[in-house]
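Residues per chain are reported as follows:
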Amino acid sequence: MRTHLSSRHTRTAALCLLLLLISACVENSQATSPQATLPQATPPQAQSKEFEAGIDKYMQIHRKAVGAVPALPRESSDAALIAKHQQQLAGKIRELRPKAMVGEVFSPAVRQMVIAIIKQKTEGKDGAAVKATILGDGNPKSAESPAPVNLAVNGTYPASAPLSTMPPSILMALPMLPKELEYRFVGRNLILLDSQANLIVDFIPNVL
Amino acid sequence: MKSAKRSLRLSLVMFLALLFQLQGQQSTRPDPGVRPAEGTATATAQQPAQQQPQLKFAILGDTGTGGRQQYEVGQKLTATRGTFPFEFVILLGDNMYGGENAKDFQTKFEKPYEALLKTGIKFYASLGNHDVPERQITYKLFNMDGKRYYTFKPKDGVRFFALDSNYMDKRQLEWLETELKNSGSEWKIPFFHHPIYSSGEKHGPALELRKVLEPLLIKYGVDVVFAGHEHFYERLKPQNDIQYFTLGSSAKLRKGGITGRSAITAKGFDADNAFMIAEIAGDEMSFQAISRTGTVVDSGKFRRVERKASN
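Residues numbered from 1 in each chain as written. Chains lettered and ligands numbered in written order. Predicted model: local features only at pLDDT ≥ 70, side-chain atom pairs only at ≥ 80, totals over all residues.

Caption draft 1: Molecular detail of the environment of Gly155(A). All names here are of chain A. Within the secondary structure layout, Gly155 lies in the loop between helix 5 (124-135) and helix 6 (168-173). For Gly155 and Asn198, which are 43 residues apart along the polypeptide, the C-alpha to C-alpha distance reads 8.7 Å. Beyond its immediate chain neighbours, meaning those up to four positions away, Gly155 contacts Asn150 and Ile200. (Helix = DSSP H or I, 4+ residues; strand = E, 2+ residues; numbered from the N terminus. Contact = placed C-beta atoms within 7 Å.)

Laid out in structure tokens, this is it:
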């Protein structure tokens, strides 16, 4: 009788184990569904907060500058007017942050966070393709479409220079920016670009 | 009583005849689930679709050089409109190479397509890696409404999605998912710069972009995708029931740019510059790729796959 009971327990335990294994497999297969192919990296909180504060501070200046220059209609068929507006906006931003220098937004702590994220995404076999995308056609330092870009805070990003293609995996992992700002690469350097003003807000040299 | 019976019998015969005829019509319709990509090269331009036309449009990619080839393609496209009255043109990015000042907008866009612009033809642009977003999204003749990515519905049942493939971030992906979800059972036609399938020897497919974009295209039943970037024309074999075209040779050209080893090419043309015209007629799209000299280098038609869009 005892032997019978014990073998029954063993069978029940084995069944439970099997069920657990199946459920683990199902969970695992769900985790690799197409939507989960690019997991979000969560940057350390303190560094993120510091970055957010830097972005907020810059955006206050940006908004002030937008309010100070003649408004541009939502659409205009006058390309000269559009270019003029962009130059005026950049000029006003420069006026409002005359002493801006490298590290103002990308502070040492933020820089560390950003470099770690990019390093993680550009390492290994998959990372090689990501790196190739960044350094390929579009990057102003690429052999295919070279264009001079003066890497300087408050400097103009020339309208004649192409823009590096940003791999989605990098954009998903880095903190999201307001829509007026972008991450771009000039060679191996990461820049924070004010795309409305075509102005380099800050940069981190040799990220790759 | 007898005449009543006769008229009843007559009505029954007529009803059966009508039913028979209806069944016959249905059986001649193609199976909506079957979607062959028929591509046959022909020597002269012809009307692509036989059915009642619903929407005709043209496609240009990688245009903004201001060079002779761009002007010649522009002239041929204008001439084509005489026999194929397309309603608008979509631009697949790199609309402006080099500078983007007022003079550039004239010599690299307004002049080459002057005749079309004069007749009121609209151009809908998407951004490439050579484009300055802020200058182009506010440029009225690109019809971007101040947005880097946008959607428009030229006719009932057809919706286009212009994407910025050079900066595909979370915000844009969420927007795209919402728009695709809300677009219901329409023809869904995204167009953007970087091809996610390509047999280009130089660039090849944008694999990183494919990872995030393709699941949405499949999930929401996208029918056809147009991309540029590669400076040649390529029609790909349908991938996951989606028809892909690459057209980045409307001004620039990479001769011999298509690798001969690719198993996904249905038809390629890398010997001269090209543009495309397309027509949607019901569930069918017909297309032609035409060279700078006016030769039809590829043509065909395909039916969109009847799929239930996921929610």
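Text resumes after the structure shown.
Caption draft 2: Geometry of the interface of chain B and chain A. Contact residues are listed per partner, giving 32 residues for chain B and 35 residues for chain A. Mapped by element, the contributors of at least two residues to the side of chain B that touches chain A are helix 3 (102-110), helix 5 (133-137), helix 6 (170-182) and helix 7 (207-219) of chain B. Tallying contributions element by element places helix 7 of chain B first for the side of chain B that touches chain A, with six residues. Looking at the side of chain B that touches chain A residue by residue, the classes come out as 12 nonpolar, 10 polar and 10 charged. (Nonpolar A, V, L, I, M, F, W, Y, C, P; charged D, E, K, R; others polar.)

Caption draft 3: Local environment of the sheet that holds strand 5 (residues 150-155) of chain B. Residue and element names in this part refer to chain B. Spatially, 5-6-7-8-10-9-11 is the arrangement adopted by the seven strands of the open sheet, whose pairing is mixed. At either margin of the open sheet sits one strand with a lone partner, and together these are strand 5 and strand 11 (265-269). Direction aside, neighbouring strands of the sheet carry axes that sit 15 degrees apart on average. In this sheet, strand 7 (residues 187-192) lies alongside strand 6 (residues 158-162) in parallel orientation, the contact comprising five bridges. Residue pairing for strand 7: Arg159 is matched across the bridge by Lys188. (Pairing = 2+ DSSP bridges. Axes fitted to C-alpha atoms, helices over the stretch in contact; angles between N-to-C directions.)

Caption draft 4: Up close: unusual backbone geometry. Residue and element names in this part refer to chain A. For Asn154, which is not a glycine, the phi torsion comes out positive at approximately 75 degrees. The phi torsion at Asn206 lies on the positive side, around 50 degrees, for a residue other than glycine. Structurally, the position occupied by Asn206 is in the segment after strand 3 (199-204). Residue class for Asn206 comes out exposed when judged on the 9 C-beta atoms lying within 10 Å of it. (Buried ≥ 20, exposed ≤ 12 C-beta atoms within 10 Å, placed from the backbone.)

Caption draft 5: Molecular detail of the nonpolar core. Ranked by internal contacts, the top residues of the largest apolar core, which has 111 residues, are Ala58(B), Ile59(B), Ile90(B), Leu92(B), Phe226(B), Phe275(B) and Met276(B). If sequence neighbours within four positions are ignored, Phe226(B) has contacts with Ile59(B), Ile90(B), Leu92(B), Phe191(B), Phe245(B) and Leu247(B). (Core = buried A, V, L, I, M, F, W, Y, C linked by C-beta atoms within 7 Å.)

Caption draft 6: Just the packing of helix 2 (residues 45-68) of chain A against helix 4 (residues 108-122) of chain A, in detail. Residue and element names in this part refer to chain A. Put simply, helix 2 and helix 4 touch, their axes get as near as 9 Å, and they point 115 degrees apart. Our classification of the angle between helix 2 and helix 4 gives roughly perpendicular. Crossing of helix 2 against helix 4: the hand is left-handed. Seen from helix 2, the contacting residues are Gln47, Glu50, Phe51 and Gly54; seen from helix 4, they are Ala109, Val110, Gln112 and Met113. Looking at side-chain class alone, the contact of helix 2 with helix 4 contains four nonpolar, three polar and one charged residues. (Parallel < 35°, antiparallel > 145°, perpendicular 65-115°, else oblique. Left-handed = near helix turned anticlockwise from the far one by under 90°.)

Caption draft 7: Looking closely at the pairing of strand 2 (residues 55-60) of chain B. Residues and elements named next belong to chain B. Taken across its six residues, strand 2 has five buried, putting it largely inside the fold. Sheet topology note: the strand 2/strand 3 (residues 88-91) ladder contains four bridges and is parallel. Bridge assignment links Ala58 to a residue of strand 3, and that residue is Val89.

Caption draft 8: Main features of the packing of helix 2 of chain A against helix 3 (residues 79-96) of chain A. Residues and elements named next belong to chain A. Packing of helix 2 against helix 3 brings their axes to within 9 Å, and their N-to-C directions diverge by 130 degrees. When the axis of helix 2 is compared with that of helix 3, the two are oblique. In this structure, helix 2 crosses over helix 3, and the sense of that crossing is right-handed. Taken together, the residues of helix 3 that come into contact with helix 2 (itself represented by Ile61, His62, Lys64, Ala65, Val66 and Ala68) are Leu89, Lys92, Ile93 and Leu96. Looking at side-chain class alone, the contact of helix 2 with helix 3 contains seven nonpolar, one polar and two charged residues.

What is shown is where atoms sit, not what they do.
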